[in-house]
Amino acid sequence: MHPVARSSARLALRETDIADVDGVHAVYGNAEATRHLSFEPRTRDEVCQIVARSVASAAAEPRTEYTLAVVERDTQHLVGVGRLATDPHQQRAVTMGFALRPDAWGVGYGLETVHLLLAVAFLDLGLHRVWGARSPLNAGSARTMAAAGMVEEGVIRGHIQRAGQWRDSVVHGILAEEWKLPA
């Protein structure tokens, strides 16, 4: 499926474009925004490479990755990044991830982003399962995924190595038959 375009009351998901490097860097290069992610803050050059790979992956056949810009509908200002990636170990399933700029936290954008990503997965791609993993310390992400109907399924021990330390991940998942389109 290309291109992806989905919107909610305040946000829209769209394909990442090479012009998004600075906006993506405002997320992936920010120490606070990446504190609970699986990687250290990225340099602008690293973000250029990530965005270039994302643009290329959008044209791949079959498409296995959807790295999407999260933009405010009114301004088209990039406030975050959402990602769906096929899971080679599960049929009709994707892993989901999302990150927002810290100045976009606390206003419900995380939940809107997750709702949009789930709509892409279930309505546009016809998938069966979506799952995401979070840092055990990321209470905001736990609340967001629960509010979107995702169930906490368990812990992957020693899942992520960051700054030389191994960290567990808490897994949340949702099945197509459990998902409801938000009102």
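What comes next concerns the included structure. What you see is a predicted model; the values in this text were computed from it and never measured.

## Topic: the nonpolar core
Generally speaking, a soluble globular protein has its nonpolar side chains buried in company with each other. Core analysis: the biggest nonpolar cluster contains 29 residues, and L84, M96, L118 and V130 have the highest contact counts within it. Elements with a minimum of two residues in this core: β2 (11-15), β3 (65-72), β4 (78-86), β5 (93-100) and α4 (109-124). With nine residues, α4 is the largest single contributor of residues to this core. Sequence-distant contacts of V130, that is, excluding residues within four places in its chain, are made with V94, M96, L118, A121, F122, M150, H172, G173 and I174. Counting 16 residues, the second-largest nonpolar core is a separate cluster that includes Y28, A69, V81 and A99.

## Here we look at the pairing of β4
For a regular strand, side chains alternate in direction, first toward one face of the sheet and then toward the other. Counting buried positions over the nine residues of β4 gives seven, a clear majority of the element. In sequence, β3 turns back onto β4 through a hairpin of five residues, with Q76 there showing a positive phi of about 65°. Bridging between β4 and β5 involves seven bridges; their strand directions are antiparallel. Across the sheet, the residue bridging to G80 is L100, located in β5.

## A closer look at the pattern of salt bridges
This structure, assessed with the given rule, holds ten salt bridges. R6 is the salt-bridge partner of D124, the closest N and O atoms lying 2.9 Å from each other. Highlighted residues: D124 in helix α4 and R6 in strand β1 (residues 5-7), separated in sequence by 118 residues. The closest approach of N and O atoms between D103 and R101, which form a salt bridge, is 2.8 Å.

## What to know about the environment of D168
Structurally, D168 is set in strand β8 (residues 165-175). Residue D168 is classed as partly exposed on the basis of its relative accessible area of 32%. As for D168 and E61, which are separated by 107 residues in sequence, their C-alpha atoms are 33 Å apart. Ignoring anything within four residues of it in the chain, the contact list for D168 reads R134, S135, P136, V155, I156, R157, G158 and H159. At 2.8 Å, the side chain of D168 and the backbone nitrogen of G158 are in polar contact.

## Some thoughts on helix α3 (residues 44-58)
Taking 1.5 Å of rise per residue, the 15 residues of α3 would be expected to cover 21 Å, and the 21 Å separating its terminal C-alpha atoms lies within 8% of that figure. Within the sequence span of α3, burial applies to V47, I50, V51, S54, S57 and A58. In a view along the axis of α3, the buried residues occupy a sector of 125°, so they form one face of it. Opposite the buried face of α3, at more than 90 degrees from it, the exposed residues are D45, R53 and A56. At its buried positions, α3 is contacted by β2, α1 (21-28) and β3.

Conventions adopted
Residues numbered from 1 in each chain as written. Predicted model: local features only at pLDDT ≥ 70, side-chain atom pairs only at ≥ 80, totals over all residues. Heavy atoms only, no water. Core = buried A, V, L, I, M, F, W, Y, C linked by side-chain atoms within 4.5 Å. Buried < 20%, exposed > 50% of the residue type's maximum accessible area, 1.4 Å probe, protein only. Helix = DSSP H or I, 4+ residues; strand = E, 2+ residues; numbered from the N terminus. Contact = heavy atoms within 4.5 Å. Pairing = 2+ DSSP bridges. Salt bridge = Lys/Arg side-chain N within 4 Å of Asp/Glu carboxyl O. Polar contact = N/O pair within 3.5 Å; in protein donor to acceptor, adjacent residues only side chain to side chain. Expected span 1.5 Å × (residues − 1). Arc of directions from axis to C-beta.

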